[in-house]
Amino acid sequence: MGENKICFEDIKEGDTAPALSHTLTRTDLVQYAGASGDFNPMHHDDTKAQAAGLPSVFGHGMFSMGLLATALTNYLGIGNLTQFNVRFAKQTWPDDVLTTEVVVKTKRNEGDQNLIDMDVKVNNQNGDAVVAGEATASVPSRVA
């Protein structure tokens, strides 16, 4: 399994993972389009975005989800995430400050796994959730 960051015994319901923040730039949008292959002009062409009635280009939902996934693996370690479900709640715009929020909801044992269930979000600078969902991780016990 991957690098361990936390042990089951150290986690309490209500704990929060360290937040990860990122200011979304137009360069992020272009780089993500190239990396993902998502070349929808709404993400990189202001003229087309404005013709569609938008104020400007907007961020890829999967970029925000990736920021959240990074916060989760930073907290849990690589290879411990077993479930990750989100919905894209709001568009993101250049210069938005995106900040992750991960809260431990429950701890449980299932078979030989120590599982933690978390509520997860990415919020913009106004506190609005742009991505929201749930995640589960299998974390090791300190006692082997």
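Note: the structure precedes this text.
Residues numbered from 1 in each chain as written. Predicted model: local features only at pLDDT ≥ 70, side-chain atom pairs only at ≥ 80, totals over all residues. Heavy atoms only, no water.

**A few points about the packing of aromatic side chains**
Selection criterion: Any two rings among Phe, Tyr and Trp, with Trp reduced to its six-membered ring, count as a pair given centres within 6.5 Å; such a pair is stacked if its planes are under 30 degrees apart, edge-to-face if over 60, and tilted if neither. Counting from the N terminus, the helices are DSSP H or I runs at least four residues long and the strands are E runs at least two residues long. Under the scheme applied here, a residue whose accessible area is under 20% of the maximum for its type counts as buried, over 50% as exposed, and between as partly exposed, the area being computed with a 1.4 Å probe on protein chains only. The criterion for a charge sitting over a ring is simple: Lys NZ or Arg CZ within 6 Å of the ring centre, and within 35 degrees of the ring normal.
Under the definition given, this model contains two aromatic pairs. With a centroid separation of 5.9 Å and 85° between ring planes, the pair formed by Tyr-32 and Phe-63 is classed as edge-to-face. With Tyr-32 in helix α1 (residues 26-36) and Phe-63 in helix α3 (residues 61-76), this residue pair connects regions lying 31 residues apart in the sequence. Exposure remark for Tyr-32: the relative accessible area of 22% places this residue in the partly exposed category. Residues Phe-58 and Trp-93 carry aromatic rings whose centres are separated by 6.0 Å and whose planes lie at 70° to one another, so their mutual orientation is edge-to-face. Of the two residues, Phe-58 sits in the loop between α2 (46-51) and α3 while Trp-93 sits in the loop between β2 (81-88) and β3 (97-110), which places them 35 residues apart along the sequence. One residue, Lys-107, lies across the ring of Phe-8, its end atom 4.4 Å from the ring centre.

**Some points on the sheet that holds β2**
Quick reminder of the rule: Here, strands pair whenever DSSP counts at least two bridges between them. Orientation is described by lines fitted to C-alpha atoms, with helices fitted over the stretch in contact, and by angles between N-to-C directions that extend from 0 to 180 degrees. Residues count as neighbours in contact if any of their non-hydrogen atoms are within 4.5 Å of one another.
Ordered by their spatial adjacency, five strands build an open sheet running β1-β3-β4-β5-β2, and the pairing between neighbours is antiparallel. Of all the strands in the sheet, just β1 (21-23) and β2 have a single pairing partner and so form its edges. The sheet shows a mean angle of 20° between the axes of neighbouring strands, direction not considered. Its contacts with the sheet place α3 against β1, β2, β3, β4 (113-123) and β5 (129-138), and it is angled at close to 150° to β2.

**Some points on the environment of Leu-76**
Position of Leu-76 relative to the elements: it lies in helix α3. Take Leu-76: its relative accessible area is 1%, and that puts it in the buried class. With 59 residues separating them in the primary sequence, Leu-76 and Ala-17 have C-alpha atoms 8.8 Å apart.

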